[in-house]
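Commentary on secondary and tertiary structure
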Amino acid sequence: GDPAFEILDAPAVGNVPAQSADVLRFRLSGRAKFGIPREADLAERPYNVDVDAMNRELASLVNMAQGGAFLGVGEGIDPGTGRYCAALLWPLGLVAIAAVAIVDGRNLDREQLEPGPFEEVMSIARSESIALLSRYFAHVTSCHCGQ
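If you're wondering where the values come from, they're calculated on a predicted model, not measured in any experiment. (Residues numbered from 1 in each chain as written. Predicted model: local features only at pLDDT ≥ 70, side-chain atom pairs only at ≥ 80, totals over all residues. Heavy atoms only, no water.)

1. Considerations on the packing of aromatic side chains
A full pass over the atoms with the stated rule returns 4 aromatic pairs. When the ring of Phe-34 is compared with that of Phe-137, the centres are 4.6 Å apart and the planes differ by 35 degrees; the resulting orientation is tilted. Linking Phe-34 in helix H1 (residues 31-34) with Phe-137 in the segment after helix H3 (117-136), this pair joins segments that are 103 residues apart in sequence. Residue Phe-34 is classed as partly exposed on the basis of its relative accessible area, which comes to 38%. Given a relative accessible area of 6%, Phe-137 falls into the buried group. Among the aromatic residues, those joined into a ring-pair cluster are Phe-5, Phe-26, Trp-90 and Phe-118. (Phe/Tyr/Trp six-rings, centres within 6.5 Å; stacked < 30°, edge-to-face > 60°. Helix = DSSP H or I, 4+ residues; strand = E, 2+ residues; numbered from the N terminus. Buried < 20%, exposed > 50% of the residue type's maximum accessible area, 1.4 Å probe, protein only.)

Okay, here's the thing in structure tokens:
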């Protein structure tokens, strides 16, 4: 969907290698919307965008929405730059409804079911993301001649 979110790597804990099978780490970065290369550091010139603050604000907006939606914030690693960054967190055990669910002993296709918690959270996140991207990237010019 649009705006697009990036999947992040899990950070290592001490000498233990990263293990992210239980948590989805992702963030809103604006890269897809604005055509910014994956390896570009958005905190540096010419962008100077605080993507961590943008994602913390997005999580707050989602968490304030009616209906009890909750999106956690933690730490991830940007695979493009290798830097630690704020990550939106979703426990994968809650990514409900695989391809088929069994309800009342019947198999139902995914389309027959109400949206799950993850879909609801992402719907809220996407609707809030449009304004956030516009605000956080408002100072960035499209021409970076001589920079």
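2. Observations regarding the sheet that holds strand S4 (residues 84-91)
A sheet is described by the order of its strands in space; here 4 strands give the open sequence S1-S2-S4-S3, paired in antiparallel fashion. In the strand order of this sheet, the two ends are held by strand S1 (5-7) and strand S3 (72-77), each with one partner. For this sheet the average axis-to-axis angle between neighbouring strands, irrespective of direction, equals 50 degrees. Along the sheet, helix H2 (residues 51-64) contacts S1, strand S2 (23-28), S3 and S4; its crossing angle with S2, the most-contacted strand, is approximately 115 degrees. (Pairing = 2+ DSSP bridges. Axes fitted to C-alpha atoms, helices over the stretch in contact; angles between N-to-C directions. Contact = heavy atoms within 4.5 Å.)

3. Looking at H3
With 20 residues, H3 should cover 28 Å at 1.5 Å per step; its first-to-last C-alpha distance of 27 Å lies within 8% of that length. Considering bend angle alone, the principal kink of H3 is centred on Ser-129 and spans about 35 degrees. Inspection of H3 places Phe-118, Val-121, Met-122, Ile-124, Ala-125, Ser-129, Leu-132, Leu-133 and Tyr-136 among the buried residues, and these make up the whole buried set. Tucked into the core, H3 has its buried residues touching S1, S2, H1, H2 and S4. (Expected span 1.5 Å × (residues − 1). Bend = angle between axes of the 7 residues up to and from the residue.)

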